[in-house]
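Residues per chain, in single letters:
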Amino acid sequence: IGVLFGLTLAFIANDTWSARDRAMDAVLREADNLRSLLVLAEVLPAPQQAALTAAVRDYGTQVAAEFGALRTREVAAGASVAADAMLRLVAGPGLAQAAGDVLQAEMLRKVMVLRDDRDLRVSLSRTHLNPLKWLGMAALGFLTILSIAVVHLETPRAGMLAIALFALAAAPSAAIVLVQGNPFQQPAAISAEAIVEAVR
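In this text the structure is predicted, and so the values were computed from the model without any measurement. (Residues numbered from 1 in each chain as written. Predicted model: local features only at pLDDT ≥ 70, side-chain atom pairs only at ≥ 80, totals over all residues. Heavy atoms only, no water.)

Caption draft 1: Representation of the overall build of the protein chain within the structure. In terms of regular secondary structure, the protein chain is built from eight helices and zero strands. The N-to-C order of helical and strand elements in the protein chain reads α-α-α-α-α-α-α-α. In terms of C-alpha radius of gyration, the protein chain reaches 24 Å, well past the compact-globule figure of 16 Å for 200 residues. Along the first, second and third principal axes, the C-alpha set of the protein chain runs to 85 × 25 × 25 Å. (Helix = DSSP H or I, 4+ residues; strand = E, 2+ residues; numbered from the N terminus. Rg over C-alpha atoms; globule rule 2.2 N^0.38 Å.)

Quick look at the structure:
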């Protein structure tokens, strides 16, 4: 039973930390694509370059500010507005004439990847671990304590010590996994620093 409890906790921890890794990857991809768009904008004529640079920096600023909202599983309207404005600009005929088909297509691809990564971040901030998983782990933990008590019926002091050791091992481990449920919440919140640096 104790092994089943440990495996259940390990599976829940894997789900939690996998979500955190995916969110971190999305942030780094966003930063890289924002930086790439700024570099690609440098080959455009001055009016289009200024417009695209401003749109990219505005999007990056709005998205970085949105991280505060992600901690409470919400989104910032400004980030969606900035994303739409950047897409309209990149898809517009003015930029197509200035950049050419190949460069515009590459810019459009990067903008769409940016939008996908933002959607991924938002969905991961709203993901709740299935309560049935936690209930199953709690039931297994309780059964483990009962089995320890039954094994030590003739030696109650040793039984109490074994139960205390199990509780000291299990409770902090479960708490560490539980507080990591939202990758944008403390104590190990994902930072927007990469995005801020990309558009600085």
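Caption draft 2: A look at the side chain of serine 125. Within the secondary structure, serine 125 is located in helix H5 (residues 101-125). A distance of 2.7 Å separates the side chain of serine 125 from the backbone oxygen of valine 122, its partner in a polar contact. Residue contacts for serine 125: discarding those within four places in its chain leaves Leu70, Arg73, Asn182 and Phe184. (Polar contact = N/O pair within 3.5 Å; in protein donor to acceptor, adjacent residues only side chain to side chain. Contact = heavy atoms within 4.5 Å.)

Caption draft 3: Spatial organisation of the packing of helix H1 (residues 2-41) against helix H2 (residues 46-70). Axis separation between H1 and H2 bottoms out at 9 Å; the angle between their running directions is 165 degrees. Overall, the two elements H1 and H2 adopt an arrangement that is roughly antiparallel. Relative to H2, H1 is oriented so that their crossing is left-handed. Residues Val27, Glu30, Leu34, Leu37, Leu38 and Ala41 of H1 form the contact with H2, whose own contacting residues are Gln49, Leu52, Thr53, Val56, Arg57, Tyr59, Gly60, Val63 and Phe67. (Axes fitted to C-alpha atoms, helices over the stretch in contact; angles between N-to-C directions. Parallel < 35°, antiparallel > 145°, perpendicular 65-115°, else oblique. Left-handed = near helix turned anticlockwise from the far one by under 90°.)

Caption draft 4: View of the nonpolar core. Phe67 and Met86 are the most contacted members of the largest nonpolar core, which has 38 residues in total. Secondary structure elements with two or more residues in this core: H1, H2, helix H3 (77-91), helix H4 (93-99), H5 and helix H8 (193-199). With nine residues, H1 is the largest single contributor of residues to this core. Leave out the neighbours within four places in its chain, and methionine 86 touches Leu37, Ala55, Val56, Tyr59, Val111 and Leu114. Residues Trp134, Leu140, Ile163 and Ala174 belong to the second largest nonpolar core, which totals 13 residues. (Core = buried A, V, L, I, M, F, W, Y, C linked by side-chain atoms within 4.5 Å. Buried < 20%, exposed > 50% of the residue type's maximum accessible area, 1.4 Å probe, protein only.)

Caption draft 5: Region of interest: the pattern of salt bridges. In this structure the tally under the stated criterion is nine salt bridges. The closest approach of N and O atoms between aspartate 117 and arginine 29, which form a salt bridge, is 2.8 Å. Of this pair, aspartate 117 sits in helix H5 while arginine 29 sits in helix H1, placing them 88 residues apart in sequence. Aspartate 117 gets classed as buried once you look at its relative accessible area, which sits at 4%. Residue classification places arginine 29 among the partly exposed residues on the basis of a relative accessible area of 35%. With a closest N to O distance of 3.9 Å, glutamate 66 and arginine 121 form a salt bridge. Of this pair, glutamate 66 sits in helix H2 while arginine 121 sits in helix H5, and the two are 55 residues apart along the sequence. Each member of the pair, glutamate 66 together with arginine 121, is buried. (Salt bridge = Lys/Arg side-chain N within 4 Å of Asp/Glu carboxyl O.)

Caption draft 6: Region of the structure containing the side chain of arginine 118. Tracing the backbone shows arginine 118 in helix H5. Side chain to side chain, arginine 118 and serine 80 meet in a polar contact 3.2 Å long. When sequence neighbours within four positions are dropped, the list of residues in contact with arginine 118 reads Glu30, Tyr59, Val63, Glu66, Val75, Ala76, Ala79 and Ser80.

Caption draft 7: View of the packing of H3 against H5. In contact at an axis separation of 9 Å, H3 and H5 are set at 165 degrees when each is read in the N-to-C sense. By the angle between their directions, the pair H3 and H5 is classed as roughly antiparallel. Crossing angle aside, the handedness with which H3 passes H5 is left-handed. Residues Ala79, Ser80, Ala83, Asp84, Met86, Leu87, Val90 and Ala91 of H3 pack against Gln104, Met107, Leu108, Val111, Met112, Leu114, Arg115 and Arg118 of H5.

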